[in-house]
Amino acid sequence: MDRVKDLASKSAAVIFTKSTCCMCHSIKALFYDLGASPAVYEVDHDVDMEWALRRLGSNPAFPAVFIGGKYIGSAKDVISLHVDGTLKQKLIEAKAIWF
């Protein structure tokens, strides 16, 4: 769990992914479209990391998204924030994008 928190706090936007996850790809694309360059950690073979993310509340475990060091959620949570217009504001506040 400490490793997850450490990695999540090193960048304004962080996404933990699996290379075979289509929703992970979609969330990364959304962030890039919004102008963010998130730190992306592919944890395909790291079972400990996957369990740490699940203990944090990420279900499904991937993608697990952090903005400003805070856990935001997985794909459905990020999409909900995008639809209601608050995702972009969270990225601006965390200095992941500038306007």
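Reading the values: rules and limits
- As a convention, each chain's residues are numbered from 1 in the sequence order in which they are written.
- For this predicted model, a pLDDT threshold of at least 70 governs which residues receive local features, and a threshold of 80 or more governs which side-chain atom pairs are given and counted, while totals over whole chains, interfaces and linings are taken from all residues.
- Note that water and hydrogens are dropped before the side-chain values are worked out from all heavy atoms of the structure.
- The rule for pairing is simple: two strands pair if DSSP sees at least two bridges between them.
- Numbering of helices and strands starts at the N terminus; helices are DSSP runs of H or I of at least 4 residues and strands are runs of E of at least 2.
- Every angle, taken between N-to-C directions, lies between 0 and 180 degrees, and every axis is a line fitted to C-alpha atoms, over only the stretch in contact when it is a helix.
- Contacts are assigned to residue pairs with any non-hydrogen atoms lying within 4.5 Å of each other.
- Burial status follows relative accessibility: with a 1.4 Å probe on protein chains alone, a residue under 20% of its type maximum counts as buried, one over 50% as exposed, and anything between as partly exposed.
- Crossovers are described as right-handed under a simple rule: with the strands pointing away from the observer, the path leading from the first strand over the helix to the second runs clockwise.

A. A look at the pairing of strand 4 (residues 70-73). Sheet analysis places strand 3 (residues 64-67) next to strand 4, joined by 3 bridges and oriented antiparallel. Paired with Ile-67 across the bridge in strand 4 is Lys-70.

B. The arrangement of the sheet that holds strand 3 in detail. Across the sheet, which stays open at both edges, the 4 strands sit in the order 2-1-3-4 with mixed pairing between neighbours. Looking along the sheet, the strands with just one partner apiece sit at the ends: strand 2 (39-42) and strand 4. Each adjacent strand pair in this sheet contributes to an overall mean axis angle of 25 degrees, direction not counted. Here 4 bridges tie strand 1 (residues 13-17) to strand 2, and the two strands are oriented parallel to one another. Following the sheet pairing, Phe-16 is matched in strand 2 by Tyr-41. Helix-sheet contacts for helix 2 (residues 22-33) involve strand 1, strand 2 and strand 3, and the interaxial angle to strand 1 is about 160 degrees.

C. Inspection of the environment of His-45 at higher detail. Mapped onto the secondary structure, His-45 falls in the loop between strand 2 and helix 3 (47-56). Owing to a relative accessible area of 79%, His-45 belongs among the exposed residues under this scheme. C-alpha of His-45 to C-alpha of Val-83: the two residues are 38 residues apart in sequence and 32 Å apart in space.

D. Structural context of the pairing of strand 1. Counting buried residues in strand 1 gives 5 out of 5 residues, a clear majority hidden from the surface. As judged from the 4 bridges shared by strand 1 and strand 3, these two strands associate in the antiparallel manner. The residue of strand 3 that forms the bridge with Val-14 is Phe-66. Of the crossover connections in this fold, the one passing from strand 1 over helix 2 to the parallel strand 2 is right-handed.

So far we have only geometry, and geometry alone does not tell us how the molecule works.
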